[in-house]
Amino acid sequence: MSILGVNNASIGAYQHTGRGQKSAANGAGFTERAAQAQEVSDAEKLENFKKGIWNEINSMPWGANTSIQITDGAFKKMMEDSEFKNKMMKVIREDAIGSNKMCGGTLINIDENGYKGYSYMADHAKEAGSAFAAHSKDKDAFYVKKAEKKREYMKLLEEKRLKQKLAEEDLKAALERKRLMENAVERKQESGRISQIVSAGANAAYEANFLMADSGAV
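Counting of residues starts from 1 at the beginning of each chain's written sequence and follows it residue by residue. At least 70 in pLDDT is required for a residue's local features to be given in this predicted model, at least 80 for side-chain atom pairs to be given and counted, and no such filter applies to totals for whole chains, interfaces and linings, which use all residues. Only hydrogens and water are set aside; all other atoms, that is, all heavy atoms of the structure, feed into the side-chain values.

1. Section: the overall build of the protein
Selection criterion: Only DSSP runs of H or I with at least four residues qualify as helices, and only runs of E with at least two residues qualify as strands; both kinds are numbered from the N terminus onward. Only protein chains enter the calculation, and the probe is 1.4 Å; a residue is then buried if its accessible area is under 20% of its type maximum, exposed if over 50%, and partly exposed in between. Here, two residues are considered to be in contact whenever any of their heavy atoms come within 4.5 Å of each other.
On a plain count of helices and strands, the protein comes out with six helices and three strands. Listing the helices and strands of the protein from first to last along the sequence gives α-β-α-α-β-β-α-α-α. A total of 218 residues make up the protein; the buried ones form 22% of that total. Intrachain contacts of the protein at a sequence separation of at least 6 include 67% that bridge at least 24 residues.

As structure tokens, this is what we get:
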């Protein structure tokens, strides 16, 4: 009886221990799955946040080749820190507006430490093209989303250059007309002065002759 009781008790203890180990294993698995699910959820949140930021950037009025690189660290900080996000988006928006003012290209880098950017003027197209090509090699660079607008931008840039050239030619023509007009006025004034001198000389000679005749000298 006692041996049987001991054996039953041992079996019961073993079964209890086995259930406890299984429960612990299940608990660990649940915790791990929950952690993985949380990681997936955070990753999805970050991806959705990034898409929202890129869509906002894409809607800005860019007027030149633009390459923007934003690190994941910066995206996370922007997602968690609204002040940092607003500050970064403000400076990007300012660059977008500035890119329409005869800008040859804009390069932007943003990490968790903040913003770094550089813009080229339109008369430095060669340097801007080289810098843009080097900067935009990153597969996450914003240039991928702007590439289809490059031809449109080049056309716009050429139109601006043509307008500027025509404006310069018009200015030169206007200055030349002004110069010719001033010369004509000056010649007219000079001719008037000469006529006055000649008239004054003729009057003086006439008066002299008149006085001589009146005095009987002639």
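2. So, the sheet that holds strand β2 (residues 103-111)
Put simply, the test is: When DSSP locates at least two bridges between a pair of strands, those strands are taken to pair. Where helices are involved, their axes are fitted lines through C-alpha atoms of the stretch in contact, as for all axes, and angles between N-to-C directions lie from 0 to 180°.
Taken together, the three strands give an open sheet; going across it, the order is β1-β2-β3, and neighbouring strands pair in mixed fashion. The outermost strands of the open sheet, each flanked by one partner alone, are β1 (66-70) and β3 (114-121). If you compare each strand with its neighbour and ignore which way they point, the axes differ by 5 degrees on average. Of the strand pairs in this sheet, β1 and β2 are connected by five bridges, and their pairing is parallel. Opposite Thr-66, over in β2, you have Thr-106 as the bridge partner. In the packing of helix α4 (residues 125-135) onto the sheet, contacts are made with β1, β2 and β3, and the angle to β2 comes to roughly 30 degrees.

3. Regarding the pairing of β1
Buried residues dominate β1, accounting for five of its five residues. Residue alternation in β1 divides its side chains into two sets, Thr-66, Ile-68 and Ile-70 and Ser-67 and Gln-69, and both sets are buried.

4. Thoughts on the pairing of β3
On a regular strand, each side chain points to the face opposite its neighbour's, so the side chains alternate between the two faces of the sheet. Taken together, the eight bridges between β2 and β3 define a ladder with antiparallel strand orientation. Bridging across to β3, Gly-105 finds its partner in Tyr-120. Here β2 hands over to β3 after two residues, the two strands then running antiparallel side by side.

5. Concerning the pattern of salt bridges
Under the convention used in this document: Just to be clear on terms, a salt bridge is a Lys or Arg side-chain nitrogen sitting within 4 Å of an Asp or Glu carboxyl oxygen.
Within this structure, the stated rule accounts for five salt bridges. Its salt-bridge partner being Glu-94, residue Lys-90 comes within 2.7 Å of it at the nearest N-O pair. Of this pair, Lys-90 and Glu-94 both sit in helix α3 (residues 82-98), separated by four residues, roughly a single helical turn. Residues Arg-179 and Glu-176 are paired through a salt bridge, measuring 2.5 Å at the closest nitrogen-oxygen approach. Linking Arg-179 with Glu-176, this pair stays in helix α6 (residues 150-214), spanning three residues, or about one helical turn. Residue Arg-179 is classed as partly exposed on the basis of its relative accessible area of 39%. Via salt bridges that share partners, Glu-47, Lys-50 and Asp-72 belong to a single interconnected network.

Geometry only, nothing functional implied.
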